[in-house]
Amino acid sequence: MKILNQTEYNPKSGVLKTIEYNKSDFNELKKRFNYNPLVLIALCKYLDMTNSVLIVSDTYDGQSGWRGQKFVIGDIDLSINGFCLSEKRVKEFLNSNR
């Protein structure tokens, strides 16, 4: 895990981070995402097999106060700009890229 960027967006609300995860970051991914461990194991295996990294960027909508994560592997954004990330999307991606 490597923090690529941190931006303070509101002193009361916190910091937005952009983090790079690699094949060895199962425990860090487990802490951040409440996903089935088997999905995270498969994700780490995919990153290893494809020599890829996962870029996760915190997102924030100031109008609604909604927070999310942009979840990008290569040029594929599984979160649709950070507001539609789900375990189901990650599973579908992994199943379609075996």
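The structure contained in this document is the topic of the report that follows. Numbering of residues starts from 1 in each chain and follows the order in which that chain's sequence is written. At least 70 in pLDDT is required for a residue's local features to be given in this predicted model, at least 80 for side-chain atom pairs to be given and counted, and no such filter applies to totals for whole chains, interfaces and linings, which use all residues. The basis for every side-chain value is the complete set of non-hydrogen atoms in the structure, without hydrogens or water.

It is worth spelling out the pairing of strand β4 (residues 66-73) at this point. Strand pairing requires that DSSP identify at least two bridges connecting the strands. Runs of E in the DSSP output that reach at least two residues are strands. Runs of H or I that reach at least four are helices, and both are numbered from the N terminus. Note that strand β3 (residues 54-61) and β4 share eight bridges and pair antiparallel. For Ser 57, the partnering residue across the bridge sits in β4 and is Lys 70. From the end of β3 to the start of β4, which pair antiparallel, there are four residues, and Gly 65 there has a positive phi angle of about 80°. As paired elements, β4 and strand β5 (residues 76-77) share two bridges and run antiparallel to each other. Paired with Val 72 across the two strands is Asp 77, which belongs to β5.

One non-glycine residue, Asn 51, lies in the positive phi region at around 55°. Assignment of secondary structure puts Asn 51 in the loop between α2 (37-50) and β3. The rule is simple: take the accessible area with a 1.4 Å probe, protein chains only, and divide by the maximum for that residue type; under 20% is buried, over 50% is exposed, in between is partly exposed. Judged by relative accessible area, Asn 51 falls into the exposed class, the value being 74%.

Bringing the packing of α2 against helix α3 (residues 87-96) into the picture now. Angles run from 0 to 180 degrees between N-to-C directions of axes, and those axes are lines fitted to C-alpha atoms, restricted for helices to the stretch in contact. Here α2 crosses α3 at 45°, and the two axes come no closer than 10 Å. With respect to α3, the axis of α2 lies oblique. Taken as a pair, α2 and α3 cross one another with a handedness that is left-handed. Only Glu 87, Val 90, Lys 91, Phe 93 and Leu 94 of α3 make contact with α2, whose side of the interface consists of Val 39, Ala 42, Leu 43 and Tyr 46. In this classification, the charged set is Asp, Glu, Lys and Arg, the nonpolar set is Ala, Val, Leu, Ile, Met, Phe, Trp, Tyr, Cys and Pro, and all remaining amino acids, among them Gly, are polar. Its residues assigned to classes, the contact of α2 with α3 comprises seven nonpolar, no polar and two charged. Under this scheme an angle from 65 to 115 degrees is roughly perpendicular, one under 35 degrees roughly parallel, and one over 145 degrees roughly antiparallel; angles in between are oblique. Put simply, a crossing is left-handed when the front helix is turned counterclockwise from the back one by less than a right angle, and right-handed when it is turned clockwise. Pairs of residues are marked as contacts when any of their non-hydrogen atoms sit within 4.5 Å.

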